[in-house]
Amino acid sequence: MAAQVHYRTDGDVAVLTIDNPPVNAASHAVRSGIVDGLHRANGDASVNAIVLIGGGRTFIAGADIREFGQTLPPPHFPDVIDALEGSAKPVVAALHGTALGGGLEFALACHYRVALAGTKLGLPEVNLGLLPGAGGTQRLPRIVGPSKALEMILSGKPLGADEALKLGLVQQVTGQDLSAAAVAFARARAATGGPHPRARDLTDKVRGVDRALFAQVREQNARKWAGRIAELRIVECVEAACFKPTFDEGSAVERDLFVELRNSPQSKALRYAFFAEREAAKIPGLPDDLKPRSISSAAVIGAGTMGGGIAMCFANAGIPVQILDASQPALDAGMARVRDNYATSVARGSMPQARADAALELITTATRYEDIGHADVVVEAVFEDLAVKHEVFRTLDRVMKPGALLASNTSTLDVDAIASATHRPQDVIGTHFFSPANVMKLQENVRGEATSPETIARAMQLAKTIGKVPVLAGNCHGFIGNRILYVYGRECDFLLEEGATPWQIDRALQGFGFPMGLYLMRDLAGLDVGWRVRKGREAARDKSLRYSPVADRICELGRFGQKTGAGYYRYEGRKATPDPEIEKLIESVAAELGVTRRAVTDEEIVTRVLTSMANEGARILGEGIAIRASDIDVTYLYGYGFPRHQGGPMFWAEQQGLDRVLETVKRYEAEQGVLWAPAPLLVERAKAGKGWAA
Ligand code: CAA
């Protein structure tokens, strides 16, 4: 038998234990081991029942995603499913940790399921652009009904063991020794004699279903699913479970659609994103034995929108946090905003009242720096101005206990310059959060020249503790995220002058999959902040380079975006309407600059935006500001709404072929000039004929 599945007997029950750390993914070796184990148990007259259980921290967490795309010999998933379901002796799946994807599908093919309290059961394939392709779309509706099955498979969210018990997904939940409970359960069922239930034979819940259910689901989600295919195929499969005359005919539909998805570029992008996120947490060069000290108390400087949002992240993770601001009225206003945010989450049903109350209890306020000196970490979230930040860090240096993590939520400024205000630059790091900080998942950590390995490891771990996805960036203006945003924003502004409108650019970007176009995003964030920054840097701006004054002109009209009722768009509440006045303004700027306006296509917009992102990304990678290309993608997926099923700007470029991307960059360089100079790394990698990896 394969080494990844151990066989033992406990009296008359055979126990197959999967041993494929860390998550017992159902690799080829695991599949072989299960099939062999079932064969052996069925051939042993002293065995009356079989238990399938995971060793270590979990049951099977799904197919081994790394095997997709490889051609492997049998047994394949359907072979294991057939062996489980066809076993003459009853098979009990003993679940703990996470029973996900193909793992849960194996369990559904077993005759019975017993779970340890706290187990999570789910079919998260949709997150990888897939559908549960091992019978999940056919068996789950037969057990829980099509409506609940659609909810589970389309959301990809797992259920707890208690809910699974209520739904009949498991037959027993135990708080005790899982293996002993499953063996006892199996023995008792074997004693009752067969036949043992098979989910495929259930018909009650999938007959007489109203077809309108499926039309409704498609219609309700049409906007959300625009451009994505996995969701649509999942609905087709569950519909097949209800309307195909036999289980096998429904399964055939599932098989075909699974293969289609597995081979789709969308699933490739989503699988890439899954691993990219995990890779980003790994920092080469840190000592292996480095165990960063944990963080159990926090302080945030500044009670503004960002400060409040960051404080909520700590509180949500159970870490007591103080918000410090100079004045009580500022703190009161900040706390009122935090309370409002929690009330909104409760009203939306995304957080139970008790959790919101518990989190709020953990947030306290202070006006004196001396009162926060004991905190393990302090995150500065004051106005984006170096002089102000210097002042704050000088004070933090004075009051914070030795070894405290000193973090700045700067989005563009020089981390070394900030650290220079202290006598402990090794403890200083940038932790760039994204607005709204309590919602957006990215934490862009920025290491300075003197930042210590311990501080880096601590900031990376902190992100995990508070539920963020960390990326480590080097220190430069705008780091990874805003540096690229600046470049593609600039290209969009040029496109306005050349003939596009803000609403056309937004429509094109949304068509590609961004949830919100650039100009809607700018209007939402507020245009005044960028305007102030530009004015501050105006003297230093290289006047020989092309510059679009459109954004400045809009601000000069007092139009700062949604909050003033007008920006690029006109607003009634949150509803944006295209504004002919802005079109006129753009036309007059173009005339002034001597730019002839022409028809711009949506396709051109998308190509120009993505190519500029990839070229700047290559520059960032070449300079060592990002550790790897996929870190740039993770930054964009989690901080800037880049559509996950497109993988990220660097993945996009690799899929196009770097030589093709370079050709486009060169074409723009010829047309637009030096701002489009190809990044040296792009030239090098395109010539090598490989992807971004050296
Ligand atoms: N295949 C291969 N590797 C996997 C994996 C999988 N299904 N799931 C996790 N891993 C790897 C991770 O890449 C990571 O590797 P490194 O340590 O080298 O980075 C390691 O296992 C640990 O994973 P996490 O860091 O994510 O650990 P966690 O404790 O935070 O989370 C988890 C555990 C909830 C299981 C999470 O890993 C997860 O959600 N995994 C994916 C589950 C999934 O999508 N399953 C469906 C697969 S598709 C399928 O099953 C198709 C089908 O119908 C046949």
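Please refer to the structure placed before this passage.
Residues numbered from 1 in each chain as written. Predicted model: local features only at pLDDT ≥ 70, side-chain atom pairs only at ≥ 80, totals over all residues. Heavy atoms only, no water.

Enquirer: I would appreciate a short explanation of helix H19 (residues 502-512) in the present structure.
Expert: Each α-helix winds once per 3.6 residues, and so residues spaced three or four apart point in a common direction. The buried fraction of H19 amounts to 8 of the 11 residues, a majority that puts the element mostly inside the structure. Among the residues making up H19, those that are buried are Pro502, Trp503, Gln504, Ile505, Asp506, Ala508, Leu509 and Phe512. Positive phi appears at Gly513, one or two residues downstream of H19, with a value of about 130 degrees. (Buried < 20%, exposed > 50% of the residue type's maximum accessible area, 1.4 Å probe, protein only. Helix = DSSP H or I, 4+ residues; strand = E, 2+ residues; numbered from the N terminus.)

Enquirer: Explain the sheet that holds strand S7 (residues 120-122) to me, please; I cannot follow it from the model alone.
Expert: Within a sheet, adjacent strands bond to each other through the backbone by hydrogen bonds, running parallel or antiparallel. Spatially, S5-S7-S8 is the arrangement adopted by the 3 strands of the open sheet, whose pairing is mixed. Looking along the sheet, the strands with just one partner apiece sit at the ends: strand S5 (98-100) and strand S8 (159-160). Against the sheet, helix H3 (residues 102-109) touches S5 and S7, its axis set at about 85 degrees to S5. (Pairing = 2+ DSSP bridges. Contact = heavy atoms within 4.5 Å. Axes fitted to C-alpha atoms, helices over the stretch in contact; angles between N-to-C directions.)

Enquirer: Could you clarify how one ought to interpret the site of the ligand in this entry?
Expert: The ligand sits among 26 residues. The nearest are Arg57, Ala63, Gly102, Arg278 and Lys282. Contact between the ligand and Ala63: a nitrogen atom at 2.7 Å from a main-chain N or O atom of the residue. Between an oxygen atom of the ligand and a side-chain N or O atom of Arg278, the distance comes to 2.7 Å. Here the ligand has 990 Å² of accessible area as a free molecule, and 77% of this is covered by the chains. For the ligand, the cavity whose grid points lie within 2 Å of the majority of its atoms is the second largest pocket. Counting only elements with at least two residues in the shell around the ligand, the list comes to S5, H3 and helix H11 (265-280). In terms of residue count, H11 provides more of the shell around the ligand than any other element does, 3 residues in total. Classifying every residue of the shell around the ligand gives 14 nonpolar, 5 polar and 7 charged. (Near = heavy atom within 4 Å. Polar contact = N/O pair within 3.5 Å; in protein donor to acceptor, adjacent residues only side chain to side chain. Areas by Shrake-Rupley, 256 points an atom, 1.4 Å probe, with all protein chains shown as cover. 1 Å grid on protein atoms, 1.4 Å probe; cavity = no way out; pocket = protein on both sides within 12 Å on 5 of 7 lines; lining within 4 Å. Sits in = over half its atoms within 2 Å of the grid points. Nonpolar A, V, L, I, M, F, W, Y, C, P; charged D, E, K, R; others polar.)

Enquirer: Could you clarify how one ought to interpret the pattern of salt bridges in this entry?
Expert: Any two side chains of opposite charge can pair, so long as their charged atoms come close to each other. By the definition in use, this model includes 44 salt bridges. Across the pair Glu538 and Arg541 runs a salt bridge whose closest N-O atoms are separated by 3.1 Å. Taking relative accessible area as the criterion, Arg541 reaches 25% and is therefore assigned partly exposed. Members of the salt-bridge network, linked through shared partners, are Arg490, Glu491, Glu497, Glu498, Arg546, Arg598, Glu604 and Arg608. (Salt bridge = Lys/Arg side-chain N within 4 Å of Asp/Glu carboxyl O.)

Enquirer: Which parts of the structure should I look at to understand empty space enclosed by the protein?
Expert: One way to see where empty space is left: roll a probe the size of a water molecule over the atoms. A complete count under the given rule lists 1 cavity of 30 Å³ or more for this structure. In this structure, the largest cavity spans a volume of roughly 40 Å³. Lining the largest cavity, in full, are Tyr488, Leu509, Phe514, Met516, Gly517, Leu518, Met521 and Tyr640. (Points joined across faces, edges and corners; volume = space filled by probe spheres on them.)

Enquirer: Hey, could you run me through the packing of helix H18 (residues 481-498) against helix H24 (residues 602-622) in this one?
Expert: In a packed pair of helices, the relevant descriptors are the angle between the two axes and the axis-to-axis distance. Where H18 contacts H24, the axes come no closer than 9 Å and their chain directions differ by 150 degrees. Put simply, H18 runs roughly antiparallel to H24. Of the two elements, H18 crosses H24, and the hand of that crossing is right-handed. For the pair H18 and H24, the contacting residues are Arg483, Ile484, Val487, Tyr488, Glu491, Cys492, Phe494, Leu495 and Glu498 in the first and Glu604, Ile605, Arg608, Val609, Ser612, Met613, Glu616, Gly617, Arg619 and Ile620 in the second. Class assignment of the residues belonging to the contact of H18 with H24 gives a composition of 10 nonpolar, 2 polar and 7 charged. (Parallel < 35°, antiparallel > 145°, perpendicular 65-115°, else oblique. Left-handed = near helix turned anticlockwise from the far one by under 90°.)

Enquirer: Explanation requested: the side chain of Arg483 in the structure shown.
Expert: Topologically, Arg483 is positioned in helix H18. We classify Arg483 as buried; its relative accessible area is 12%. Among the polar contacts made by the side chain of Arg483, one reaches the side chain of Glu623 at a distance of 2.9 Å. Here Arg483 is in contact with Cys476, His477, Gly478, Glu616, Arg619, Ile620, Glu623 and Ile625, once residues within four sequence places are set aside.

Enquirer: Hey, could you run me through H24 in this one?
Expert: Between its terminal C-alpha atoms H24 stretches 30 Å, which fits the 30 Å expected from 21 residues at 1.5 Å a residue. Along H24, 16 of the 21 residues are buried, which leaves the element largely enclosed by surrounding structure. Downstream of H24 by a residue or two, Gly624 has a phi angle that is positive, lying close to 80 degrees. (Expected span 1.5 Å × (residues − 1).)

Enquirer: What am I meant to see in the packing of aromatic side chains here?
Expert: Two numbers describe a pair of aromatic rings. These are the distance of the centres and the angle of the planes. For the coordinates displayed, the defined rule picks out 16 aromatic pairs. Their ring planes at 80 degrees and their centres at 5.6 Å tell us that Phe512 and Phe642 sit as a pair that is edge-to-face. Of this pair, Phe512 sits in helix H19 while Phe642 sits in the loop between helix H25 (629-639) and helix H26 (649-656), and the two are 130 residues apart along the sequence. Grouping residues by exposure puts Phe512 and Phe642 together as buried. Through pairs of rings, three or more aromatic residues link up here, namely Phe434, Tyr488, Tyr636 and Tyr640. Arg211 extends its terminal NZ or CZ atom over the ring of Phe243, reaching a point 3.9 Å from the ring centre. A cation over a ring is seen here: Arg546 above Phe494, with NZ or CZ 3.9 Å from the ring centre. (Phe/Tyr/Trp six-rings, centres within 6.5 Å; stacked < 30°, edge-to-face > 60°. Lys NZ or Arg CZ within 6 Å of the ring centre and 35° of its normal.)

Enquirer: Is there a simple way to explain the pairing of strand S17 (residues 469-473) in this structure?
Expert: Within a regular strand, side chains alternate between the sheet's two faces. Burial analysis of S17 places 5 of its 5 residues in the buried class, which makes it a mostly covered element. A two-sided burial pattern is seen for S17, the buried positions comprising Val469, Val471 and Ala473 on one face and Pro470 and Leu472 on the other. Handedness of the β-α-β unit built from strand S16 (residues 442-446), helix H17 (residues 453-465) and S17 comes out right-handed. (Right-handed = clockwise from strand over helix to strand, strands pointing away.)

Enquirer: Is there a simple way to think about the environment of Glu497 in this case?
Expert: With respect to the helices and strands, Glu497 occurs in helix H18. Look past the residues within four positions of Glu497 in its chain and what remains in contact with it is Arg546, Tyr547, Ser548, Pro549, Val550, Ile586, Val589, Ala590, Leu593, Val595 and Arg597. There is a polar contact of 2.9 Å between the side chain of Glu497 and the side chain of Arg546. At a separation of 2.8 Å, a polar atom in the side chain of Glu497 contacts the side chain of Ser548.

Enquirer: Sorry, what's going on with the nonpolar core here?
Expert: Considering soluble globular proteins, one finds that nonpolar side chains tend to be buried as a cluster. With 76 residues, the main nonpolar core has Ile480, Tyr488, Ile505, Tyr568, Leu682 and Trp692 as its most contacted residues. If one sorts the elements of this core by residue count, H24 sits on top with 9 residues. Those residues in contact with Trp692, other than ones at most four positions away along the chain, are Ala614, Ala618, Leu621, Ala629, Met650, Ala653, Glu654, Leu658, Leu681, Leu682 and Arg685. Counting residues in hydrophobic clusters, the runner-up holds 68 residues, among them Ala26, Phe68, Val91 and Leu261. (Core = buried A, V, L, I, M, F, W, Y, C linked by side-chain atoms within 4.5 Å.)

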